[in-house]
Amino acid sequence: MTERPASALPITIRAMTKTYGRVHALDQVDLDIRSGEFLTLLGPSGSGKTTLLMVLAGFTRPDSGSLKFGDTEVIRMPPHRRDLGMVFQNYALFPHMTVAGNIAYPLRLRGIGRAEREARVVRALETVQLGGYGGRRIDQLSGGQRQRVALARAIVFEPRILLMDEPLSALDKKLRDRMQIELRHLHEQLGMTTVYVTHDQREALTMSDRIAVIDHGRLMQLGAPREIYDRPANRFVADFIGESAFLPVRRKGAEILCAGRPLATESPAPEGEKLLAILRPERLQLLDGSVPPEINAFPATVSELVYQGDSFLMAARLEDGTELTLRDVVRRDTFAELPGPGSAVTLGLHARDTVLIPDDGAGAAP
Amino acid sequence: MRWLNRPASETQVTHGQRLWLYILSGVIMVWLVAPTLIVVPMSFSDSQYLEFPPEIWSTRWYDHYFGSEEWMAATVTSLTAALLTMCLATPLGVLAAYGLHASQLRAGRLIFVALITPMMVPLILVAIGAFYVYVKLQILYTMLGLVMAHTVLALPLVLIVTAAGLKSFDMNQEMAARSLGASRARAFFTVTLPQIRFSVITAALLAFLTSFDEVVVAMFISGGDNATLTRNMFNALRDQIDPTIASISTIMIAITSGLMVLAQLFGKPREGG
Ligand SMILES: Nc1ncnc2c1ncn2[C@@H]1O[C@H](COP(=O)(O)OP(=O)(O)O)[C@@H](O)[C@H]1O
Ligand SMILES: [Mg+2]
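Residues numbered from 1 in each chain as written. Chains lettered and ligands numbered in written order. Predicted model: local features only at pLDDT ≥ 70, side-chain atom pairs only at ≥ 80, totals over all residues. Heavy atoms only, no water.

1. With respect to the site of ligand 1
Residues and elements named next belong to chain A.
And then number 1: Near ligand 1 the following residues occur: Tyr20, Val23, Ala25, Pro44, Ser45, Gly46, Ser47, Gly48, Lys49, Thr50 and Thr51.
And then number 2: Between ligand 1 and Gly48, the relevant distance is 3.0 Å, taken from an oxygen atom to a main-chain nitrogen or oxygen of the residue.
And then number 3: Measuring from an oxygen atom of ligand 1, one finds a side-chain N or O atom of Lys49 at 2.9 Å.
And then number 4: Protein chains shield 58% of the accessible area of ligand 1, which is 560 Å² for the free molecule.
And then number 5: Contributions of two or more residues to the shell around ligand 1 are made by strand 2 (23-33) and helix 1 (49-57). (Near = heavy atom within 4 Å. Polar contact = N/O pair within 3.5 Å; in protein donor to acceptor, adjacent residues only side chain to side chain. Areas by Shrake-Rupley, 256 points an atom, 1.4 Å probe, with all protein chains shown as cover. Helix = DSSP H or I, 4+ residues; strand = E, 2+ residues; numbered from the N terminus.)

Put into structure tokens, the structure is as follows:
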């Protein structure tokens, strides 16, 4: 086991802007990354995640902005002085060196003596569960093993900051799931400030202490996974993370009205008159008969029922034409009893799960 | 002849159907190397004149070559020029190729073409141009002038060979090295260069040969104490046809093919790299 680094470092990003021609890869990003946290930059492809990571690493010079590691302004510091570990999407291992040679590379650069170097390489290999692989050539390794070597190389010199750019995207799903958990454990064990980039929301939700959702170079929301999922701040976040249907609602005095009926909510509604209610498939339930006061009821007509093995999907249309989807687990024998297409049903959403966001007028996202 | 009816490759084409191809290739090979190889027996003749095939065999023209102060001086000039050209053109060409590759400049292609023009312009023009410039600079007939001119000729080769090598190199590796604590130069020398070394070695050998074999430019700008071997051979050929040049040619063939063999041995990555 590698011991915890002396200290992790917080990262302070202020007004970071980078344009490529007319594209804003980064648009006035302010972000405080806490010391020792696992922060994920999440966003669709082309949203500026890699650009931000490259600015942190020093490979991309922003147009303007400030970047601090701890109390030190590093915006002009060259990459090799920043002392941070980095794992690249394609691993970027050195094929002309052995596994041990790769991992020893940063130690050699730091003038660490042979005996200690070898000991630390062995420890790093054990940390990533590749004990005994030191003598292998890179082309003798599988994708997952390369991933681990890249990781070992990035942590062996005990950097206080670790950057990873979609490190698992080249792996198959099973391995990816396992590596997510392993990376998480590794972070707990090493404790360095970790900035992780992915476009996979599930990966972000699984691994992160906090998630920064990015779109078009702008920070859309920053928060813990549950906060991001349960309390999305805007339509983009609600749409990008999880599945959502949006129901237009209006504020009238102290009440929120949905198709004339008041809507029960537990959290305060945002400013503005026109709002959207977020309806997530797994938060909706099928109601039969009486409706308790803390449940919002939506009469609808079933349009499709899809069997998916462990769960089922029910697509339904509200009176105003809004399409909703409900997902629930399939229990023994219950599937056959579900109402089929054409049936009238009442869908329920608990006040606790009724989240409102401003209707910023952005059209239905694809 | 059952061999003729066997398939020659994964397709169903038989060796018999390919016979014409084998014969054509054979003829072309002979055509290419015969003029070179005919010089070898001629160099071992005892005659005063070039003759083929020689009536009496002897090594007297080799003795004459090695015993002649003038020929030895020219040989030293040629080898020195070739070595210096190699030492100058290789780093310059590699740096240029690397710079163009790494910068992703939009004008990069233009600069590339500009750098390889010496290869496309007729050699005689380069020679005449160099001559006039060198007269003005007063470096005519100097080693410096010769090496500079040959470097210009060798640079395009180094550039092309190195650029081809860099194409298959993943620049992310250099970024990885820098993130791990290597300065840009250190990353180049410890990560990039070892992986393109085969291209660089090939390029260096080609640079050496470019200078060593070159005659046209050397005719114009080398002379006096700094006359090259090729220039003296050309003059010898004009003045008296003497088998010495056959023996020198044979030695040059040996050196050139030796270098080519080296290039083949070291100039090709084994597997995977
Ligand atoms: N070197 C570059 N030159 C021009 N445009 C770039 C460059 N790098 C990134 N971009 C643009 O900046 C935007 C953000 O890119 P990037 O940070 O790579 O996104 P992500 O990693 O989130 O997929 C994209 O629109 C991309 O086309
Ligand atoms: Mg990216």
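From this point on, the discussion continues.
2. Remarks on the UniProt feature "transmembrane region" (unreviewed entry) in chain B
And then number 1: What UniProt calls "transmembrane region" (unreviewed entry) maps, in this numbering, to residues 20-44, 71-98, 110-133, 139-166, 187-209 and 245-267 of chain B.
And then number 2: Between the end C-alpha atoms of residues 187-209 of chain B the distance is 30 Å, and the span holds 100% helix and 0% strand. (UniProt positions renumbered as here; feature names shortened; annotations may be inferred.)

3. Structural notes on the UniProt feature "domain: ABC transmembrane type-1" (unreviewed entry) in chain B
And then number 1: Here, UniProt's "domain: ABC transmembrane type-1" (unreviewed entry) annotation points to residues 75-263 of chain B.
And then number 2: Across residues 75-263 of chain B, the secondary structure splits into 83% helix and 0% strand, with the terminal C-alpha atoms separated by 22 Å.

4. Quick notes on the side chain of B:Thr77
Residue and element names in this part refer to chain B.
And then number 1: Tracing the sequence through the fold places Thr77 in helix 3 (residues 69-103).
And then number 2: Using a relative accessible area of 4% as the deciding quantity, one classes Thr77 as buried.
And then number 3: Among all residues touching Thr77, those that are not within four sequence positions of it are Met143, Leu146, Asp225, Asn226, Ala227 and Thr228. (Buried < 20%, exposed > 50% of the residue type's maximum accessible area, 1.4 Å probe, protein only. Contact = heavy atoms within 4.5 Å.)

5. Structural notes on the pairing of strand 9 (residues 210-215) of chain A
All names here are of chain A.
And then number 1: With six of its six residues buried, strand 9 lies for the most part within the structure.
And then number 2: Going residue by residue along strand 9, you find Arg210, Ala212 and Ile214 tucked away on one face and Ile211, Val213 and Asp215 tucked away on the opposite face as well.
And then number 3: Between the antiparallel neighbours strand 9 and strand 10 (residues 218-223) lie two residues, among them His216 with a positive phi of about 45 degrees. (Pairing = 2+ DSSP bridges.)

6. A closer look at helix 3 (residues 114-127) of chain A
All names here are of chain A.
And then number 1: Over its 14 residues, helix 3 runs 20 Å from end to end, which matches the ideal 20 Å to within 8%, given 1.5 Å per residue.
And then number 2: The complete set of buried residues in helix 3 reads Arg117, Arg120, Val121, Ala124, Leu125 and Thr127. Take helix 3 and look down its axis: the buried residues cluster within an arc of 155 degrees, on one side only.
And then number 3: Structurally, helix 3 contributes buried residues whose contacts are with helix 2 (99-109), helix 4 (143-155) and helix 5 (173-190).
And then number 4: Just downstream of helix 3 lies Gln129, where phi reads positive at about 60 degrees. (Expected span 1.5 Å × (residues − 1). Arc of directions from axis to C-beta.)

7. Quick word on unusual backbone geometry
And then number 1: In this structure, the amide linkage connecting B:Phe52 to the following residue, B:Pro53, adopts the cis form with an omega of -10 degrees.
And then number 2: When you line up the elements, B:Pro53 lands in the loop between helix 1 (19-43) and helix 2 (60-67).
And then number 3: At A:Tyr91, a residue that is not glycine, the phi angle is positive and equals roughly 75 degrees.
And then number 4: Here A:Tyr91 is to be found in the loop between strand 6 (85-87) and helix 2.
And then number 5: Taking relative accessible area as the criterion, A:Tyr91 reaches 8% and is therefore assigned buried.

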